[in-house]
Amino acid sequence: MASDSARVIDLGGATPAASDRAVIDTPARPILKGVGLDRPFFDDKNRAFWVLQSIGWGGYFILRSLSGLANAMGAMFVVHTLLLTATGYSLTLLMGSLFRRLITLRAGLTLILSLIAVMLASAAFSVIETWSYATFIRPGSKPVGVEFFGAILLDFALLTAWSALYYGINYYILLEEQITQHAKLESQASSAQLAMLRYQLNPHFLFNTLNSISTLVLLKQTERANAMLARLSSFLRYTLANEPTAQVTLAQEVETLKLYLEIEKMRFEERLRPHFQIDAATIGARLPSLLLQPLVENAIKYAVTPSENGADVWISATRQGKAVRVEVADNGTAAAAQAITATQSTGVGLANIRDRLAQAYGAAHSLTTKTNDHGGFSVIVEFPLKMESKDSP
């Protein structure tokens, strides 16, 4: 068969790189590798074709030879069967080469042309079988004319079964490849969506920080400006170094929030009063990176900024069975609390958090808001407890 197709079983079937697959290491793997069974059977289409072709026709030769010997047909029947096996093997190689091209056509045309090919191959098979039978088994018989087609029905049934198996296997491989490709596209779309959501961090934070640094420079408060710039650099280094689709531990997320709050503390000073209450049982829980930063930023924007006395911001995390409950709360005014849900001018907001949670956990999460006991606003996020593994970087 030609090697211009990598999508059906043929001699030139392309084999995907081994690095694209997970390899399960077991004690039996060296033995399996030695006989070629350490990977999916149809992973190497070239090998799969020859293995099936050889096993099929080898089985045909053994079974038909045993049948002839059991019926006292004599040793020459083995020679007759060997010739038929070689004929069938060769004919099916030619049919496979043709089918590899027909499989790309419309289904109806593929069926019609395949049937014609099987009928012609069956006729040729029958002629050879009849001649071989008359030559090796019944030397005295002299078949003529239509007598050469005496075995055409059995040969047609045999070659039809071979063709059905060929198309069945190749359509299965095509379907499997399409499913794999569809899964890859879905994964890429999900990753792109996660990246987009992560990159929607509020640019106002960066602008305000740079404006504050500029103001400190103008006031010749160089030490504070340098400290603020160093903290901003650390925060941006973290946000740019991490993959937008990556998950981090809650402990890492809290450290990032502290970097962010140190910058904001230099802007608001005593007006911003952050408090962390993190349950030790949750510090290894994994969540999308920078998931909580927009919630804290909203609390600062709507609770701290409008108030002359500032506000307290609480970040708490507790374990709730097989889930983690994280709450970001403030003691701002009721009007500020309503503004958080009514306004999405930052482009981040609660909708962004909901989308990121949905991308990461599907339906196994919740995000609720409420007015808290402090008279301010609370955002409560719950997600499955997935602890950091020992092998995680």
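None of these values were measured; they are calculated from a predicted model. (Residues numbered from 1 in each chain as written. Predicted model: local features only at pLDDT ≥ 70, side-chain atom pairs only at ≥ 80, totals over all residues. Heavy atoms only, no water.)

Draft legend 1. The overall build of the protein chain, seen in detail. Looking only at helices and strands, the protein chain has 11 helices and seven strands in total. A total of 393 residues make up the protein chain; the buried ones form 38% of that total. Contacts in the protein chain between residues far apart in sequence, at least 24 positions, make up 72% of those at least 6 positions apart. Accessible surface, the protein chain as shown: approximately 21300 Å² in total, 63% of it carbon and sulfur. (Helix = DSSP H or I, 4+ residues; strand = E, 2+ residues; numbered from the N terminus. Buried < 20%, exposed > 50% of the residue type's maximum accessible area, 1.4 Å probe, protein only. Contact = heavy atoms within 4.5 Å. Areas by Shrake-Rupley, 256 points an atom, 1.4 Å probe, with all protein chains shown as cover.)

Draft legend 2. Structural context of unusual backbone geometry. Located in the positive-phi region is K220, a residue other than glycine, with phi close to 60°. Its location among the elements puts K220 in the loop between helix 6 (203-218) and helix 7 (222-241). Positive phi values are uncommon outside glycine, yet L290 reaches one of about 60°.

Draft legend 3. Fine view of the pairing of strand 7 (residues 377-384). In terms of burial, strand 7 is largely enclosed, as six of its eight residues are buried. The sheet contact formed by strand 5 (residues 323-330) and strand 7 spans seven bridges and is antiparallel. Paired with A323 across the strands is P384, a residue of strand 7. Summarising the sheet, strand 6 (residues 366-371) and strand 7 pair through six bridges and their orientation is antiparallel. (Pairing = 2+ DSSP bridges.)

Draft legend 4. View of the nonpolar core. Within the largest apolar cluster, 45 residues are counted, with the highest numbers of intra-cluster contacts made by L287, L295, V296 and I300. Secondary-structure elements contributing two or more residues to this core are helix 6, helix 7, helix 8 (250-268), helix 9 (293-304), strand 4 (311-320), strand 5, helix 11 (349-361) and strand 7. Ranked by the residues each element gives to this core, the list is headed by helix 8, at eight residues. Contacts of L295, omitting those with residues within four sequence positions, involve V328, L350, I353, V379 and V381. A117, A121, F125 and Y166 belong to the second largest nonpolar core, which has 18 residues in total. (Core = buried A, V, L, I, M, F, W, Y, C linked by side-chain atoms within 4.5 Å.)

Draft legend 5. Representation of the packing of helix 8 against helix 9 in the model. Two elements in contact, helix 8 and helix 9, have axes whose closest approach is 10 Å; the angle formed by their N-to-C orientations is 25°. With respect to each other, helix 8 and helix 9 are oriented roughly parallel. Taken as a pair, helix 8 and helix 9 cross one another with a handedness that is right-handed. Between helix 8 and helix 9, the contacting residues are E253, L257, Y260, L261, E264 and F268 on the first element and Q293, V296, E297, I300 and V304 on the second. Across the contact of helix 8 with helix 9, the residue classes break down as seven nonpolar, one polar and three charged. (Axes fitted to C-alpha atoms, helices over the stretch in contact; angles between N-to-C directions. Parallel < 35°, antiparallel > 145°, perpendicular 65-115°, else oblique. Left-handed = near helix turned anticlockwise from the far one by under 90°. Nonpolar A, V, L, I, M, F, W, Y, C, P; charged D, E, K, R; others polar.)

Draft legend 6. Representation of helix 2 (residues 45-70) in the model. Across its 26 residues, helix 2 extends 37 Å between first and last C-alpha, which sits within 8% of the 38 Å expected from 1.5 Å per residue. Of all the positions in helix 2, only K45, R47, A48, F49, Q53, W57, Y60, S65 and G68 are classed as buried. (Expected span 1.5 Å × (residues − 1).)

Draft legend 7. Broad picture of the side chain of E327. Along the polypeptide, E327 turns up in strand 5. Its relative accessible area of 13% is what places E327 among the buried residues. Looking at E327, its side chain comes within polar contact range of the side chain of S378, at 2.8 Å. Beyond its immediate stretch of four places on either side in the chain, E327 contacts W314, I315, S316, K370, S378, V379 and I380. (Polar contact = N/O pair within 3.5 Å; in protein donor to acceptor, adjacent residues only side chain to side chain.)

Draft legend 8. Layout of the sheet that holds strand 6. A sheet is described by the order of its strands in space; here five strands give the open sequence 2-4-5-7-6, paired in mixed fashion. Two strands in the sheet have a free side with no partner beyond their single neighbour: strand 2 (272-278) and strand 6. Within this sheet the neighbouring strands show an average axis-to-axis angle of 15°, counted without direction. Contacts between helix 8 and the sheet are confined to strand 2 and strand 4, with strand 2 contributing the most and set at about 170° to the helix. The strands that helix 9 touches are strand 2, strand 4, strand 5 and strand 7; relative to strand 4, the one it contacts most, it runs at about 150°.

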